[in-house]
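Structural overview
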Amino acid sequence: MSYKNRKSTYAYFILIFVFIKVVLNLFAISNFGFHRDELLHLVLADHLDWGYKEVPPFIAIVAKVSNTLFGHSIFAARIFPTICSGLIVWFTGLITVEFGGRKFAITLTCLALIFSPAFVASGYLFQPVVFDQFWWVLTVWLLIKYLNTTDVKYLYWLGLAVGLGMLTKYTMAFFTFAMIIGILISKQRKLLFNKHILGAALVAFLVCLPNLIWQIQHHWPLIHHMKTLRQEQLSYIKPAEFIEQQLLVHGVAFFVWFTGFLFLIFSFRLRNFQFLAIAYVLIFIFLLEMDGKNYYLFGAYPMLFAAGGFGFERWLKTKGYVLRTFTIAVFVLPNLILLPMLLPIFSIENTLAFFRFAHKNIPATDFLITWEDQKQHPLTQDYADMYGWNELAQKVGEAYNKLTPDQQKQTFVYADNYGEAGALNQYSKQFNFPKAISLNSSFTLWAPDSLKCKYLIYVDDNNGENIRQFVAGKMIGSYKKLGEIEHYLAREKGTGIYLITDIKAPLQERYTKELARKRLE
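Residues numbered from 1 in each chain as written. Predicted model: local features only at pLDDT ≥ 70, side-chain atom pairs only at ≥ 80, totals over all residues. Heavy atoms only, no water.

1. As for the packing of aromatic side chains
- Enumeration over the complete set of coordinates arrives at 40 aromatic pairs.
- Note that Arg271 overlies the ring of Phe268, its terminal NZ or CZ placed 3.9 Å from the centroid. (Phe/Tyr/Trp six-rings, centres within 6.5 Å; stacked < 30°, edge-to-face > 60°. Lys NZ or Arg CZ within 6 Å of the ring centre and 35° of its normal.)

Structure (structure tokens):
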């Protein structure tokens, strides 16, 4: 059927699946606590700028809007990720329609996407990941829309989406270059020889220009961040593991997206969109060579799911409802087994019971509870990163409020890592203590230039080793351990809280030198 003769966009039908996704997220939205990374991203709202050490500025703007409109609760922080997750489903459904899919294709595509373990786990936390996925999906829809309509307005919207994507996560650059090369290789290369493409590129450039200027002014922290990330995390990712993860992260929905990949390559009906499959291969190879994390590629899968839904609809177009229903059940229902392990829809007690059941009866799921230390734990590392923060802030608050008013005026609160510092900033008003400083992550951008204080409440995540170094180096006088994180599920369990009552010049000098060095990184 020609594009102009299509009578329906199936908009209302797609909304059914958007509703399912949003409701699913709402079941989990307030459970457990803030995630470590959420705490960092929420702090950025108090320090709006055109860039940060780890991320571009978009997440900070969203955090500021979220805090202003909804407040500072866990529920409030996850409203925008939930909306964005729904929009990803929405535009994936629309891409399916642009491919020529109808209700069965839309149903299979959207349900496979909604219950894919990859999108379940990455679609509810306040992190750049879900927003990054959204810009990738929107970019594909706009490009397909232009190909189907030849309306140049979609190219300019495409430029805006790419620019905003670059302000969200730099992986948009990988996707954009892969898409351009894919188009050049395909029969759609004439698309790039168009003056409006230059206009769209100019729009994208102007949108991300402020961040580019910020990077230059701050000595390209992106490059240092990527170098550090590769040394400390990415170097441990083996190519075979990356490939295996891409095959497993969607569970049984693998058969849907892989079918879509094959249809984009070989189907006559999808010949105009072959460049999408080429782009997927290119970015897959690039991330494989760069030791990328598995979720860097997630944004490329919705277009493959959409093509897969279309493909199965073509195969089963003359079959009855029973076979179609069976097909949907086969590629969706098995993933429901993993749902509580990836989305906190149950209480922690029931979630732990579910993990014990899975460990005993479904050994294949043990990879979910295997952390970076390669050991198995009672629950996933992401879940463990949601515990202990409130306890930490409460104990720091108790320590601070036991000081006299005069002592409080001369007291700083310091945390070793961004999760601790983010938690202390998030809860500082609730427990009545000053916001924490840190020389980890983006906290160096707004840390005070000197450690001019007499008392220091110090959060040490290194089993007291840092305190012992201070003592050995005669950097401090007396100190006292006030407590530690005790929550049995917290990844930060054992993190100590100390009160240092005599800050000496060597520690102040060490702080100043380390701050200067990290600001140049």
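2. A look at empty space enclosed by the protein
- Tallied over the entire structure, the rule returns 1 cavity of 30 Å³ or more.
- In this structure, the largest cavity occupies an estimated 60 Å³ of space.
- As for the largest cavity, its lining consists of Lys21, Ser85, Ile88, Val89, Leu113, Ile114, Phe119, Gly123, Val130 and Gln133.
- Those elements that provide at least two residues to the lining of the largest cavity are helix 5 (79-99), helix 6 (103-114) and helix 8 (128-149).
- The dominant element in the lining of the largest cavity, judged by the number of residues it contributes, is helix 5, at 3 residues.
- In terms of residue class, the lining of the largest cavity is built from 6 nonpolar, 3 polar and 1 charged. (1 Å grid on protein atoms, 1.4 Å probe; cavity = no way out; pocket = protein on both sides within 12 Å on 5 of 7 lines; lining within 4 Å. Points joined across faces, edges and corners; volume = space filled by probe spheres on them. Helix = DSSP H or I, 4+ residues; strand = E, 2+ residues; numbered from the N terminus. Nonpolar A, V, L, I, M, F, W, Y, C, P; charged D, E, K, R; others polar.)

3. Some words on the pattern of salt bridges
- Under the defined criterion, the tally for this structure stands at 15 salt bridges.
- With its nearest N and O atoms 2.9 Å apart, the salt bridge here joins Arg519 to Asp449. Here Arg519, found in helix 25 (residues 505-520), pairs with Asp449, found in the loop between helix 23 (418-431) and strand 2 (455-460); they are 70 residues apart in sequence, far enough to count as distant.
- Looking at Arg519, the relative accessible area reads 27%, which means it is partly exposed.
- Among the salt bridges present, the one from Glu514 reaches Lys518, with a minimum N-O distance of 3.4 Å. One end of the pair, Glu514, and the other, Lys518, are both in helix 25, 4 residues apart, so they sit about a helical turn from each other. (Salt bridge = Lys/Arg side-chain N within 4 Å of Asp/Glu carboxyl O. Buried < 20%, exposed > 50% of the residue type's maximum accessible area, 1.4 Å probe, protein only.)

4. Examining the packing of helix 1 (residues 11-28) against helix 5
- One can describe the packing of helix 1 onto helix 5 by two numbers: an axis separation of 9 Å at closest approach and a directional angle of 150 degrees. Taken together, the axes of helix 1 and helix 5 lie roughly antiparallel to each other. Here helix 1 and helix 5 pass one another in a crossing that is right-handed. For the pair formed by helix 1 and helix 5, the contact residues are Ala11, Ile14, Leu15, Phe17, Val18, Lys21, Val22 and Asn25 on the first element and Pro81, Thr82, Ser85, Gly86, Val89, Trp90, Gly93, Leu94 and Val97 on the second.
- Among the residues making up the contact of helix 1 with helix 5, the classes are represented as 11 nonpolar, 5 polar and 1 charged. (Axes fitted to C-alpha atoms, helices over the stretch in contact; angles between N-to-C directions. Parallel < 35°, antiparallel > 145°, perpendicular 65-115°, else oblique. Left-handed = near helix turned anticlockwise from the far one by under 90°. Contact = heavy atoms within 4.5 Å.)

5. Examining the environment of Leu111
- Mapped onto the fold, Leu111 is located in helix 6.
- Apart from residues lying up to four places away in sequence, Leu111 is in contact with Phe17, Ile20, Ile328 and Val332.

6. Topic: unusual backbone geometry
- For Phe32, which is not a glycine, the phi torsion comes out positive at approximately 60 degrees.
- As for its placement among the helices and strands, Phe32 is situated in the loop between helix 1 and helix 2 (36-43).
- Owing to a relative accessible area of 15%, Phe32 belongs among the buried residues under this scheme.
- You will see that Ser441, though not glycine, has its phi angle at about 60 degrees, which is positive.
- Among the secondary structure elements, Ser441 is positioned in the loop between helix 23 and strand 2.
- The exposure class assigned to Ser441 is buried, which follows from its relative accessible area of 16%.

7. Points about the nonpolar core
- Counting residues in hydrophobic clusters, the biggest one holds 159 residues, and the most contacted among them are Phe99, Leu276, Tyr280 and Leu424.
- Ranked by residue count, the leading element in this core is helix 8, at 13 residues.
- Counting residues in hydrophobic clusters, the runner-up holds 18 residues, among them Tyr414, Tyr458, Met475 and Ile500. (Core = buried A, V, L, I, M, F, W, Y, C linked by side-chain atoms within 4.5 Å.)

8. Observations concerning the environment of Asn425
- Tracing the chain through its elements places Asn425 in helix 23.
- Remark: the alpha-carbon pair of Asn425 and Leu40, spanning 385 residues in sequence, is separated by 9.3 Å.
- In this structure Asn425 touches Val43, Lys435, Ala436 and Phe443, once residues within four positions along its chain are discounted.
- Among the polar contacts made by the side chain of Asn425, one reaches the main-chain carbonyl oxygen of Ala436 at a distance of 3.4 Å. (Polar contact = N/O pair within 3.5 Å; in protein donor to acceptor, adjacent residues only side chain to side chain.)

9. Observations concerning the sheet that holds strand 1 (residues 411-415)
- Strand order in the open sheet made by the 4 strands is 1-2-4-3, with mixed pairing throughout. Only two strands of the sheet have a single neighbouring strand rather than two, namely strand 1 and strand 3 (479-484). Along the sheet, successive strands turn relative to each other by an average axial angle of 20 degrees, direction set aside.
- Where helix 24 (residues 465-472) meets the sheet, it contacts strand 2, strand 3 and strand 4 (496-500), and its direction lies at approximately 135 degrees from that of strand 2. (Pairing = 2+ DSSP bridges.)

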